[in-house]
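What the coordinates show
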Amino acid sequence: MADLSTPYRTHTCGELRPTHAGSAARLSGWVHRRRDHGHLIFLDLRDRHGLTQVVVDEEEAPDAHAVASRVRSEYVVMASGTVAPRDADKVNPRLATGEVELRATDISVLAESKTPPFYINEPDAPIDEPLRLKYRYLDIRREPMLRRLLLRDRLVQAIRDVHHANGFVEIETPDLIKSTPEGARDFIVPSRLQPGSVYALPQSPQQLKQLLMVAGVDRYFQIARCFRDEDLRGDRQPEFTQLDLEMSFVDEATVMAFVEAMAIEVTRATVPERPIRETPFPRLTFGEATERYGTDKPDVRFGMELVDIGPALGGGAGEPSGFRVFDETLAAGERVKAIVAPGMASASRRETDELTEAARRHGAKGLAHLAVEGPGDVRGPIVKFLRADALRGIIERTRAEAGDLVLIVADRTDVANEVLGRLRTELGARLGLAKPDELAYCWVHRFPMYQWDAENGRWDATHNPFSGVVPEDEPLLVTASGDPATPSPADPAGRARAMQFDLALNGWEIGGGSIRINRVDLLRQSFALQGYSLDRMRNLFGAMLEAFEYGAPPHGGIALGIDRWAAVLADQPTIREVMAFPKTQSGSDLMLDAPAPPDPAQFAELGLRTVGVPDRATRD
């Protein structure tokens, strides 16, 4: 254990044990609680290491008792005295220091405190989040928030230990770079020395880490700060931290194997009490994940998988099912899919209406349901329309049992999967289907290389524009017309698969990576499909293109969101709960009152002025 003694303390408030009994000690910390019993005053003294009971006896130390009489919660005090064992009936088994106490002979007030805006000594007290964020420095004094930050510290330390043990070099990359398209808006920083020009804060060190591979640094990692100007939600903040790593002379299997072994070791070092559900991690293709779970970041701790019930309804080619919505959907080449909610056959009309409304919010035209009350006993609004064999086929195909509720969406494949995937996630949480302590990692790979952007009439990379193509799909990186300048949704490029792999954990995407394109000709070909002219390529990615002319090794890597990873390991619903000083959903810092209007002198020095804020619809 590190020696943390200073002139203000010989021990921390979590350090004293029965072996210290009879010895002198000095503690400093915050008054967690104060109990005044007249001639005896008890102070629970707290620092980040723990809590120790300090006893001040008026007969033994009248001066110290006088000082203790005026201290209040959250005063910062120093207490000196002798460590004494507690009486057997006074031992506190909930505290690591619960078998001893400090019999104080001297108390000094180091700093007084106003009454805090919320109770710091009641960890379970409900506190509005805006209040916690405004007084975050007080919130961090509370045991739950401090515990989560300490977990995050263990996570980062374990990451560093594993990478250094495996030959990686930690290299920092700059935070002032050139703006390039990375999928979200950049934060920009005006240059005073070059008026009219701006830097961008990095959305990720993507190009820089690939340039390090060209430089010959074959194993790089960084705990990187990243910035994205995008709408916020529970797993997004404008500034975030990621584990960024890149490796040279590797293939897809090599990178995934290292990342998996690293994730297992880091997890066990950080939260040894939480079991990992399955190793090796399950591997799903993008198609498998979306077909079975309705998402490319599935929570595999529970079943409730999506089921295609089209074959039970005739598949659009056989005898009609009797329910017009299903039959017309199948005839149009679309899908009818279902999930089974266990034990929900008794759901009320209000509950099924809420599920239907949720399905509509997620993009469905509606939601059909069947309640299985027993063998051959099924009720629901559509039962009267379905032929008996179609109804029986649905129950058999979904394997629904007595007491289950079958939820059905008829729509395009992407809509049916999306809607049922979201309902699956919501119901899984509501019904408690996942073991809360279990950590279920899984890989999702073989993503489509591109997605069609109908508005701009071009192909966009599904992840980043440097992801490599599965070797046998390289001939597909062409347009049907043969001219990259005239792409269409029918292009062979739409069938190409990327060497992209994402790591999911308990329904969160915690990281994504790929084997990169390391050939200039293939990189230019891929950029051309995405609508980049040669001049625009050089303008945006000139350093990369030129560097690759000097020989780029085969390379690949991944970025894992440390905020998301820590949130799942700490069993928290948002990444704000594992960040010391996060922003609100609107991007505000309530503690420092940011963002704020600029100082006119700063604007003048940069040659800038405010010309008005465009309408949000225009900006989007």
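Please refer to the structure higher up on the page.
Right, let's walk through the structure included here. (Residues numbered from 1 in each chain as written. Predicted model: local features only at pLDDT ≥ 70, side-chain atom pairs only at ≥ 80, totals over all residues. Heavy atoms only, no water.)

Some details on helix 10 (residues 388-398)
Note the threshold: Using a 1.4 Å probe on the protein chains alone, a residue whose accessible area is under 20% of its type maximum counts as buried, one over 50% counts as exposed, and one in between counts as partly exposed. Secondary structure elements are taken from DSSP: a helix is a run of H or I of four residues or more, a strand is a run of E of two residues or more, and numbering for both begins at the N terminus. Throughout, a residue-residue contact means that at least one pair of heavy atoms, one from each residue, lies within 4.5 Å.
All buried positions along helix 10 are accounted for by Ala390, Leu391, Gly393, Ile394, Ile395 and Thr398. Looking at the buried positions of helix 10, the neighbouring elements they touch are strand 12 (307-308), strand 13 (335-341), strand 14 (368-374), strand 15 (377-379) and strand 16 (405-411). Positive backbone phi, at 60 degrees, marks Arg399, one or two positions downstream of helix 10.

Considering the packing of aromatic side chains
Filter applied, for reference: Working definition: a ring pair exists when centres of Phe, Tyr or Trp rings (six-membered ring for Trp) sit within 6.5 Å. Plane angles under 30 degrees give stacked, over 60 give edge-to-face, the rest tilted. Only lysine NZ and arginine CZ atoms are considered, and such an atom sits over a ring when it is within 6 Å of the ring centre and within 35 degrees of the ring normal.
Enumeration over the complete set of coordinates arrives at 13 aromatic pairs. Taking 5.8 Å as the distance between ring centres and 35 degrees as the angle between the ring planes, the aromatic pair formed by Phe323 and Phe385 counts as tilted. Of this pair, Phe323 sits in the loop between strand 12 and helix 8 (324-331) while Phe385 sits in the loop between strand 15 and helix 10, and the two are 62 residues apart along the sequence. A residue is classified by how much of its surface remains accessible, and Phe323, at 14% relative accessible area, is buried. An angle of 70 degrees between the planes, with centres 5.0 Å apart, marks the rings of Trp452 and Trp459 as edge-to-face. The exposure class of Trp452 is partly exposed, given its relative accessible area of 26%. The ring of Phe302 has Arg424 sitting right over it, with the charged end atom 4.1 Å from the ring centre.

Quick notes on the sheet that holds strand 11 (residues 283-285)
As a reminder, the rule being used: Between any two strands, pairing holds if DSSP finds at least two bridges. Think of each axis as a best-fit line through the C-alpha atoms, taken over the contacting stretch in the case of a helix, with angles from 0 to 180 degrees between the N-to-C directions.
Read across the open sheet, the 8 strands follow the order 6-9-10-22-21-20-17-11; overall the sheet is mixed. Two strands bound the open sheet, and with one partner strand each, they are strand 6 (169-170) and strand 11. Pairing analysis gives 2 bridges linking strand 6 to strand 9 (residues 219-227), with the strands arranged parallel. Residue pairing in the sheet places Val169 in a bridge with Tyr220 of strand 9. Lying on the sheet, helix 4 (residues 143-165) is in contact with strand 6, strand 9 and strand 10 (239-248); it crosses strand 9 at an angle near 150 degrees.

Digging into the pattern of salt bridges
As a reminder of what qualifies: Any carboxyl oxygen of Asp or Glu within 4 Å of a side-chain nitrogen of Lys or Arg constitutes a salt bridge here.
The final tally for this structure, using the stated rule, is 49 salt bridges. In this structure, the salt-bridge partner of Lys209 is Asp244, at a minimum N-O distance of 2.9 Å. One end of the pair, Lys209, is in helix 5 (residues 206-214); the other, Asp244, is in strand 10, and 35 residues separate them in sequence. You can call Asp244 buried: its relative accessible area is 1%. Several salt bridges share partner residues, and in doing so they unite Arg132, Arg136, Asp139, Arg142, Arg148 and Glu577 into one network.

Details of the pairing of strand 21 (residues 508-515)
Within a regular strand, the side chains alternate between the two sheet faces. Extensive coverage of strand 21 is indicated by the burial of 6 of its 8 residues. Summarising the sheet, strand 20 (residues 500-505) and strand 21 pair through 6 bridges and their orientation is antiparallel. Bridge pairing links Asp502 to Gly512 in strand 21. What sits between the antiparallel neighbours strand 20 and strand 21 is a turn of 2 residues, in which Asn506 has the positive phi angle 50 degrees. Strand direction decides the pairing type here: strand 21 and strand 22 (residues 555-561), joined by 5 bridges, are antiparallel. Bridging from a neighbouring strand, Gly511 pairs with Leu560 of strand 22.

Side note on the pairing of strand 9
Within strand 9, 7 of the 9 residues are buried, which leaves it mostly tucked inside the rest of the structure. Here 9 bridges tie strand 9 to strand 10, and the two strands are oriented antiparallel to one another. Each residue of the ladder has a partner; that of Tyr220, found in strand 10, is Glu246.

A few points about the nonpolar core
Which entries qualify depends on this criterion: Joining through side-chain atoms within 4.5 Å is the link that ties buried Ala, Val, Leu, Ile, Met, Phe, Trp, Tyr and Cys residues into a set, and such a set is a nonpolar core.
Leu243, Leu245, Val259, Met262, Tyr441 and Trp565 are the most contacted members of the largest nonpolar core, which totals 47 residues. Among the elements that make up this core, the one with the highest residue count is helix 6 (residues 252-270) (8 residues). Apart from the residues within four sequence positions on either side, Val259 is in contact with Leu245, Trp443, Leu503, Ile558 and Leu560. Counting residues in hydrophobic clusters, the runner-up holds 26 residues, among them Met449, Ala493, Leu529 and Ala547.

Description of the side chain of Arg576
To keep things clear, this is the line we draw: Polar contact is the term for a pair of N or O atoms within 3.5 Å; when the atoms are in protein, one must be able to donate a hydrogen and the other to accept it, and sequence-neighboring residues count only if both atoms are side-chain atoms.
In this fold, Arg576 is placed in the loop between helix 14 (562-569) and helix 15 (600-606). In this structure the side chain of Arg576 is engaged in a polar contact, spanning 3.0 Å, whose partner is the side chain of Gln585. Excluding residues that lie within four positions of it along the chain, Arg576 makes contacts with Glu129, Arg136, Met145, Arg233, Gly234, Gln237, Pro582, Lys583 and Gln585.

Quick word on helix 12 (residues 520-529)
Where burial is concerned, most of helix 12 is hidden: 7 out of the 10 residues are buried. Looking at helix 12, one finds that the buried residues are Val520, Leu522, Leu523, Ser526, Phe527, Ala528 and Leu529. Taken together, the buried residues of helix 12 touch strand 18 (450-453), strand 19 (458-461) and helix 13 (534-548). Of the residues trailing helix 12, Gly531 is marked for its positive phi of about 85 degrees.

Some words on the sheet that holds strand 5 (residues 100-111)
The pairing of strands in a sheet happens through backbone hydrogen bonds and is either parallel or antiparallel. Strands sit in the order 1-2-3-5-4 around a closed barrel of 5 strands; the barrel is mixed. Pairwise comparison of adjacent strand axes, ignoring direction, gives a mean angle of 55 degrees for this sheet. In the sheet, strand 4 (residues 76-85) pairs with strand 5 via 10 bridges, with the strands oriented antiparallel. Among the inter-strand pairings, Thr82 is bridged to a residue of strand 5, identified as Arg103.

Don't take any of this as a statement about function, it's just geometry.
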